[in-house]
Amino acid sequence: MSAKPCLRIVAYHYVRDFSTTRFPAIKGICVNKFRKQVDALAATHEMATLESLDAFLAGKYVPQLDLCLLTFDDGLKEHFTEVTPILAERKIQGQFFLPTVCLEENRVVLVHKNHFLTASLGFDTYRAEFLILLGELAPNLKISVDAVQAAKSYRFDDPPAAEFKYLLNFCLPTDIRGQVLDSLFAKHLGDEATFAKELYLSWDDARSMQRDGMIMGGHSHRHVALASLSEAEQGADLETCTRLLRTKLQPQAQWPFCYPYGNPADSFNVATVRILQQLDYQCGFTTSAGTNQPGADRFSLQRIDTNEVQLG
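Residues numbered from 1 in each chain as written. Predicted model: local features only at pLDDT ≥ 70, side-chain atom pairs only at ≥ 80, totals over all residues. Heavy atoms only, no water.

## Description of the overall build of the chain
A tally of regular secondary structure across the chain gives 13 helices and eight strands. The C-alpha atoms of the chain give 19 Å as radius of gyration, which agrees with the globular expectation for 312 residues (20 Å, within 12%). With the principal axes as the frame, the chain shows a C-alpha extent of 60 × 45 × 40 Å. Within the chain, contacts between residues at least 6 apart in sequence are counted, and of these 73% link residues at least 24 apart. Put simply, the chain has 31 plus and 37 minus side-chain charges, and the middle of one group is 2 Å from the middle of the other. (Helix = DSSP H or I, 4+ residues; strand = E, 2+ residues; numbered from the N terminus. Rg over C-alpha atoms; globule rule 2.2 N^0.38 Å. Contact = heavy atoms within 4.5 Å. Lys, Arg positive; Asp, Glu negative; His and termini not counted. Charge placed at Lys NZ, Arg CZ, Asp CG, Glu CD.)

## Quick word on helix H1 (residues 31-44)
Because an α-helix completes one turn every 3.6 residues, residues spaced three or four positions apart along the sequence face the same direction. With 14 residues, H1 extends 20 Å from end C-alpha to end C-alpha; this agrees with the ideal 20 Å at 1.5 Å per step. For H1, every residue scored as buried is listed here: Val31, Phe34, Gln37, Val38 and Leu41. On an axial view of H1, the arc spanned by its buried residues comes to 115 degrees, and they lie on one face. Within H1, the exposed residues directed more than 90 degrees away from the buried face are Lys36 and Ala43. At its buried positions, H1 is contacted by strand E1 (7-12), strand E2 (46-47), strand E3 (67-73) and helix H3 (78-89). (Expected span 1.5 Å × (residues − 1). Buried < 20%, exposed > 50% of the residue type's maximum accessible area, 1.4 Å probe, protein only. Arc of directions from axis to C-beta.)

## Considering the environment of Lys142
Here Lys142 is to be found in the loop between helix H6 (123-137) and helix H7 (147-153). Sequence separation between Lys142 and Leu172 is 30 residues; the distance between their C-alpha atoms is 9.6 Å.

Here it is, written out as structure tokens:
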């Protein structure tokens, strides 16, 4: 334990038995490793809730051990089928962040189209097809990628993959990026609505998770880099997300938020935080790596990825 207890927040995305799925190349943590990681964390930490996080950050609660909060991005079906039973059995509260367009409209958000095209085609083939189609659709488009920022944003990827992801998620105009990904997804992976129903939670799934003690939170409506939008566009997206969460789900005393992509440099800004506060969110989770101490900015909470968890 550190000299003073800290709050360690762990971020998860895909949690599945990869060898038995259609997409074994998707990056994440396998279910058995996840179960062992949760048990190891619970043996060395006090497993936090949203309420104890709030009290700790306010300086009203000093735990005997470091606190550990488990967070899960993207509203994936496996968070219901695989993750929730493990957490519920151990009476551990997880925080689950939903991009609401996926549940409400059976849409596959662009970041996941990118993941599954990469897993299906292989990175080199996919990138080549993407760039060819991009050149056909926008032949005069000139864009450069900041390699340093790309490496910071995607620290678990090699430079070519990190730079391609940064190009895709932060550099390309939204309409052009969408046209390319929609075309490639339809060509290689088929009907989007059918895929979405398999990939994401339903509202019924999410309500069942709440009954098992889990907390649902916002992850925007369309899963875009919010800082790339005007304040009015951010407001419209976040208001839609909030309305759906609070009408489709069971009431919660507190609602957390997780920024899509999560890097403070280019994923959210002061306007984002102001809107979230106006919408009565409790806190905001980033992808900045680190731990948190009392008095930390609750709308810039740092997390560590499952790959960074130190056990033993």
